[in-house]
Amino acid sequence: MHLIVTRSFPPELGGMQSLMWGLSRELSKNFMIKVFADYIDNHKDFDEKENFKTKSKLNRELVIKRNLSKEEIAKFEVRKYQFPSTFIDERYSRESLYPYLFSHSIGYVGNLSDDNLKDILSKQNLSPRETIFKYSNGFLSGKTGLENIYDKELRGSFGKKIYEVDASGRLLNERETINPIDGKDLYTSLDIESQKVAFKELNNRRGAVVAIDISDGSIVTYISSPSFSVNQISNGLSQSDFDNLIYDDNKPFFDRASQGRYSPASTIKPAIGMYGLSKGIIDWDYEIKDPGFFILPETGRVYRGWLKGGHGKVNMRKAMLVSSNTYFFSLAYQSDITELSEHLYSLGFGQKVCFDCFDEDKAFVPTPEWKYSLMNAGWVKGDTVNLGVGQGYL
């Protein structure tokens, strides 16, 4: 009597497309010589950077040589009888056409732990021991960026082949095939050309560039610098190379676009102006003289503007146009800090505002309660004045 066994085989992972119809992901086919792990007594005979012990648990096979040429394939085929359980197989690598351009926005893929892999496969009633992986690094899962957020959609579902087997375990007749469901392609709002410009201008310096389409709030540019190659991370990186990235003083893994904390500076002035207008503190024609500085009445402390000598007479319109610090110092001085903090929060400050940004760090809006609990000190008018131009604790 023949037994029935099921072998599962994988779908193709979905890819990414950005504006300008540029593909950011593609599959790269390569041939490699493999051997079943069960026939290897000493894994130390292999290069440690290949992480064979983990891969043998997932694939039950170890890579001896990859990226074979046609000549190498031919040489092996005529001698393969000398190497039992060693074979040539076709595998795929996930490649990015722009390995440094989307490292933080789209992110990278990598292997799962054994427990996570079993959990994913068990939802399809599959076993890791009976699953074939078509990618050279085994089962791939999104680790950061959009790869992580949309991992389930990009992954797809495994297919199955059901066989008859004899008592020795040899596969006989194929009884049924259930095709895999390939992962979905993801269309992003990211614009390749603007990504290239931002990447070039940052020139590997520390910093970030984020550009938003004001008509719908979609992100068209998302760059954190310095960057790293997602192809190296996804398709095999030695421990020493990985350590170099981890301990790099410039911290290329740190996503400065969504996790860096920077004072908003003058970009907050429209929000401060909206507060003043909504509370009736000023109107569009309210005018002051800008001598290039503001003096705090309580202490005499001087808060200086960016233009020596100031901008002369300014109302709200001109203050916005020339970015008058003095005008917004004065407006913030007249503001109630509790109401101002609530106003900023209502506009999204202090909240996570990006629906699918990976591990976004929400902006911070200070309050008197926060300062007292952290510094055991009360809030002073000078703190509110600094807030008016996006500085201080903000």
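Reading the values: the criteria
Residues numbered from 1 in each chain as written. Predicted model: local features only at pLDDT ≥ 70, side-chain atom pairs only at ≥ 80, totals over all residues. Heavy atoms only, no water. Helix = DSSP H or I, 4+ residues; strand = E, 2+ residues; numbered from the N terminus. Buried < 20%, exposed > 50% of the residue type's maximum accessible area, 1.4 Å probe, protein only. Contact = heavy atoms within 4.5 Å. Areas by Shrake-Rupley, 256 points an atom, 1.4 Å probe, with all protein chains shown as cover. Salt bridge = Lys/Arg side-chain N within 4 Å of Asp/Glu carboxyl O. Polar contact = N/O pair within 3.5 Å; in protein donor to acceptor, adjacent residues only side chain to side chain. Axes fitted to C-alpha atoms, helices over the stretch in contact; angles between N-to-C directions. Parallel < 35°, antiparallel > 145°, perpendicular 65-115°, else oblique. Left-handed = near helix turned anticlockwise from the far one by under 90°. Nonpolar A, V, L, I, M, F, W, Y, C, P; charged D, E, K, R; others polar. pLDDT = per-residue confidence, 0-100.

Asker: Mind showing me how you'd approach the overall build of the protein here?
Answerer: Regarding its fold elements, the protein presents 14 helices and 17 strands. Across the 394 residues that make up the protein, the buried fraction comes to 44%. At a minimum sequence separation of 6, the contacts of the protein that also span at least 24 residues come to 72%. When the accessible surface of the protein is summed, it comes to about 22,100 Å², and 51% of that surface belongs to carbon and sulfur atoms.

Asker: Looking at this structure, I do not really get the pattern of salt bridges. What am I missing?
Answerer: Applying the stated criterion to the full structure yields seven salt bridges. For Asp383, the salt bridge goes to Lys371, with nearest N and O atoms at 2.7 Å. Taken together, the residues Asp383 in helix α14 (residues 381-387) and Lys371 in helix α13 (residues 368-375) connect sequence positions twelve residues apart. On the basis of relative accessible area, Lys371 is assigned to the buried category, the value being 7%.

Asker: Just checking my understanding: could you explain the side chain of Ser224 for this structure?
Answerer: Its place among the elements puts Ser224 in strand β13 (residues 219-225). For Ser224, a relative accessible area of 3% translates into the label buried. For Ser224, the contacting residues outside a window of four places in its chain are His104, Gly207, Ala208, Phe254, Asp255, Arg256 and Ala257.

Asker: Mind showing me how you'd approach the side chain of Ser103 here?
Answerer: The topology assignment puts Ser103 in the loop between β6 (86-95) and β7 (109-110). Here the side chain of Ser103 touches Pro99 through a polar contact of 3.1 Å, landing on its backbone oxygen. In this structure the side chain of Ser103 is engaged in a polar contact, spanning 2.5 Å, whose partner is the backbone oxygen of Phe228. Leave out the neighbours within four places in its chain, and Ser103 touches Thr144, Ser227, Phe228 and Val230.

Asker: Can you help me understand the environment of Gly260 in this one?
Answerer: Mapped onto the fold, Gly260 is located in the loop between α8 (239-246) and α9 (269-278). Separated by 102 residues in the primary sequence, Gly260 and Lys362 place their C-alpha atoms 9.8 Å from one another. Contact partners of Gly260, with chain neighbours within four places excluded, come to Phe254 and Asp255.

Asker: How should the packing of α9 against helix α12 (residues 337-346) be read in this particular structure?
Answerer: Two packed helices can be described by the angle between their axes and the distance between those axes. Where α9 contacts α12, the axes come no closer than 10 Å and their chain directions differ by 120 degrees. When the axes of α9 and α12 are compared, the pair comes out oblique. Relative to α12, the crossing made by α9 is right-handed. Here Ala271, Ile272, Met274 and Tyr275 of α9 lie close against α12, whose contacting residues are Glu339, Leu340, His343 and Leu344. Tallied by class, residues from the contact of α9 with α12 come to six nonpolar, one polar and one charged.

Asker: Quick question: what am I supposed to make of the confidence of the model for the protein here?
Answerer: Regions with low pLDDT carry predicted coordinates that are not meant to be interpreted in detail. Of the residues in the protein, 77% have a pLDDT of 70 or more, and the chain-wide mean is 80. Counting interchain partners and residues more than four positions distant, the pLDDT-below-50 stretch residues 19-25 has 35 contacts. Residue range residues 46-50 is modelled with pLDDT below 50. Its contacts to residues more than four positions away, or to other chains, number eleven contacts.

Asker: Which parts of the structure should I look at to understand the environment of Ile223?
Answerer: Along the polypeptide, Ile223 turns up in strand β13. Residues within four places of Ile223 in sequence aside, it is in contact with Leu101, Gln195, Ala198, Phe199, Leu202, Gly207, Ala208, Val209 and Ala257.

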